[in-house]
Amino acid sequence: MNSAANDAPRMPFERTSTLDPEPLYDELRRQGPVTRVTTSVGDPAWLVTGFAEARQIYGDSHRFRRSHFAPEQAARIADAALLSGPTNNYDSEAREHERMRRMLVPAFSVPRMRRLTDRIGELTESCLDDMAAARKARPDEPVNLNDLLAFPLPALVICELLGVPQEDRAFFRGLSERISTIDGGDDARAAMGEFMAYMGRLIAIKREQPGTDVISDILAMQAEDPTFTDQDMMKISAVLLFAGHETTAARIGFGTLWLLSDPSRRDRLAGDPDGAVRSTVEEILRIAAPGGVGMLRYAHEDVEIGGVTIARGDAVLISNDAANRDGAVFANPDEFDPDRKPNTHLTFGHGPRVCIGSNLARTELRIVFPALLRRFPGLRLAIDVNEIEVLSDRRLTGGVGRIPVVW
């Protein structure tokens, strides 16, 4: 669905600051909360930058969904292998989504997260041990926090939860990077094929040797629902593995940058970790702007929103980065304010399809930041924060590259 006539701004936009979203988001919001853009592959789409409009679309799961009535004609947002075009069946998406949530809600419930808390703490300390060892081995060189903490911790946790061998985390990192590359093309699709094949082998093992993990739990439910195929199982498992560590890794990275770029923020949390961690994490979730191209939906009927009419079949991109900085909702939206109340950000979406892994992400973030500052009280960035590369023009989920730190 390529539209050469579409001369709207092309995504991804140019980034000028590590900590702040692309300036064009603010310019477009001044024009209107919903504006025309061109995707990275040249297709037309609507970009949502207003908080109220983003919240409305998230909550309207009847008219805005991930499926498309003619998927081969649908606009695509990238040439990646995951979440860059329509997914699910147009006629059965709602039913399939309800089944998926029924299967997964118990796995990501608050009680299960409480039971997992001690294990997340152990995995965090292991990553911090790796950071300390790297610093000791090369005392004259900075430690790359992204490689030793921000990425491996969420990968270890999601592997633990799903029952994936931890020794495979490097394998998943390579595949995740290839799958989510905006212009990945054939290589991204080949990586997805490898990912799915791996999950197929793991599912077969779990069927013969079930454990106390999410994949084993879903397999037990599958026995009661023969319409839920192994292919369905592989798709869900692959998405969980990808989403379960990519997005959290980005928040650990950006959260660290926000805390270390102003020593008063770091010292405030370090001085009262129990009292300040929850509000600090919520502000990190709001203000962190990892980039990427936004959350994709397709209109299932004509909808008037934000002063424009979105036609049935149109692609809609919700920018959480922009919506969470909407000055109509958040006072001084570009300021880091851990005392902000209320802090009703949209990082995990809203409504019936709110991110099922939000409890897990919050649990990890509430553990990792106090542990990091307790272990390395003198932690600081080794370079200026604006020298740190943001991957918003390369990865669907954005994120940062190397985070060099010293103490």
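Treat the numbers as computed from the prediction; the structure is a model and nothing was measured.

### Here's the deal with the overall build of the chain
Step number 1: When you go through the chain residue by residue, the secondary structure sums to 14 helices and 10 strands.
Step number 2: Its C-alpha radius of gyration of 21 Å places the chain within 12% of the 22 Å reference for a compact globule of 407 residues.
Step number 3: Along the first, second and third principal axes, the C-alpha set of the chain runs to 55 × 55 × 40 Å.
Step number 4: Here the contacts in the chain between residues at least 6 apart in sequence split such that 72% fall between residues at least 24 apart.
Step number 5: Averaged over its 49 positive side-chain charges, the chain has a centre that lies 3 Å from the centre of its 60 negative ones.

### Brief notes about the layout of surface pockets
Step number 1: A volume near 260 Å³ is recorded for the second largest pocket.
Step number 2: As for the second largest pocket, its lining consists of Val110, Met113, Arg114, Thr117, Arg278, Asn359, Arg362, Thr363, Arg366 and Ile367.
Step number 3: Every element with two or more residues in the lining of the second largest pocket is listed here: helix 4 (110-137) and helix 14 (358-375).
Step number 4: Counting residues per element, the lining of the second largest pocket draws most heavily on helix 14, which supplies 5 residues.

### Looking at the packing of helix 4 against helix 6 (residues 152-162)
Step number 1: Put simply, helix 4 and helix 6 touch, their axes get as near as 10 Å, and they point 140° apart. With respect to their mutual orientation, helix 4 and helix 6 come out oblique. Helix 4 and helix 6 meet at a crossing whose hand is right-handed. Contacts from Arg112, Met113, Leu116, Arg119, Ile120, Leu123, Thr124 and Cys127 in helix 4 reach Pro152, Leu153, Leu156, Val157, Glu160 and Leu161 in helix 6.
Step number 2: Class assignment for the residues of the contact of helix 4 with helix 6 results in 10 nonpolar, 1 polar and 3 charged.

### Some remarks on helix 6
Step number 1: Most of helix 6 sits inside the fold, with 10 of its 11 residues counted as buried.
Step number 2: In the stretch just after helix 6, Gly163 is the one whose phi turns positive, near 90°.

### Digging into the pairing of strand 1 (residues 34-38)
Step number 1: With 4 of 5 residues buried, strand 1 lies mostly within the body of the structure.
Step number 2: Relative to strand 2 (residues 44-48), strand 1 runs antiparallel, the two sharing 5 bridges. Residue Thr38 lies in a different strand from strand 2, and its bridge partner there is Pro44.

### Brief notes about the pattern of salt bridges
Step number 1: Summed over the entire model, instances satisfying the criterion amount to 28 salt bridges.
Step number 2: Taking the shortest distance from any N to any O, the salt bridge between Asp230 and Arg207 comes out at 2.7 Å. With Asp230 in helix 10 (residues 230-260) and Arg207 in helix 8 (residues 185-208), this pair connects stretches of sequence that are 23 residues apart.
Step number 3: Here the salt bridges do not stand alone but share partners, grouping Asp20, Arg325 and Asp334 into one network.

### Let's talk about the side chain of Arg15
Step number 1: As for its placement among the helices and strands, Arg15 is situated in the segment before helix 1 (23-31).
Step number 2: At 2.8 Å, the side chain of Arg15 and the backbone oxygen of Thr18 are in polar contact.
Step number 3: A polar contact is formed between the side chain of Arg15 and the backbone oxygen of Ala289, at a distance of 2.6 Å.
Step number 4: Every residue in contact with Arg15, bar those within four places of it in the chain, is listed here: Asp20, Pro21, Glu22, Phe254, Ala289, Pro290, Gly291, Val390 and Ser392.

### Concerning the sheet that holds strand 9 (residues 380-381)
Step number 1: Across the sheet, which stays open at both edges, the 3 strands sit in the order 4-10-9 with antiparallel pairing between neighbours. For this open sheet the edge positions go to strand 4 (143-144) and strand 9, each flanked by a neighbour on one side alone.
Step number 2: In terms of strand pairing, strand 4 meets strand 10 (residues 404-406) through 2 bridges, oriented antiparallel. The residue of strand 10 that forms the bridge with Val143 is Val405.

### What about the environment of Arg278?
Step number 1: Among the structural elements, Arg278 can be located in helix 12 (residues 273-287).
Step number 2: Sequence separation of Arg278 and Val105 is 173 residues, and the distance between their C-alpha atoms is 22 Å.

The rules behind the values
- Residues numbered from 1 in each chain as written.
- Predicted model: local features only at pLDDT ≥ 70, side-chain atom pairs only at ≥ 80, totals over all residues.
- Heavy atoms only, no water.
- Helix = DSSP H or I, 4+ residues; strand = E, 2+ residues; numbered from the N terminus.
- Rg over C-alpha atoms; globule rule 2.2 N^0.38 Å.
- Contact = heavy atoms within 4.5 Å.
- Lys, Arg positive; Asp, Glu negative; His and termini not counted.
- Charge placed at Lys NZ, Arg CZ, Asp CG, Glu CD.
- 1 Å grid on protein atoms, 1.4 Å probe; cavity = no way out; pocket = protein on both sides within 12 Å on 5 of 7 lines; lining within 4 Å.
- Points joined across faces, edges and corners; volume = space filled by probe spheres on them.
- Axes fitted to C-alpha atoms, helices over the stretch in contact; angles between N-to-C directions.
- Parallel < 35°, antiparallel > 145°, perpendicular 65-115°, else oblique.
- Left-handed = near helix turned anticlockwise from the far one by under 90°.
- Nonpolar A, V, L, I, M, F, W, Y, C, P; charged D, E, K, R; others polar.
- Buried < 20%, exposed > 50% of the residue type's maximum accessible area, 1.4 Å probe, protein only.
- Pairing = 2+ DSSP bridges.
- Salt bridge = Lys/Arg side-chain N within 4 Å of Asp/Glu carboxyl O.
- Polar contact = N/O pair within 3.5 Å; in protein donor to acceptor, adjacent residues only side chain to side chain.

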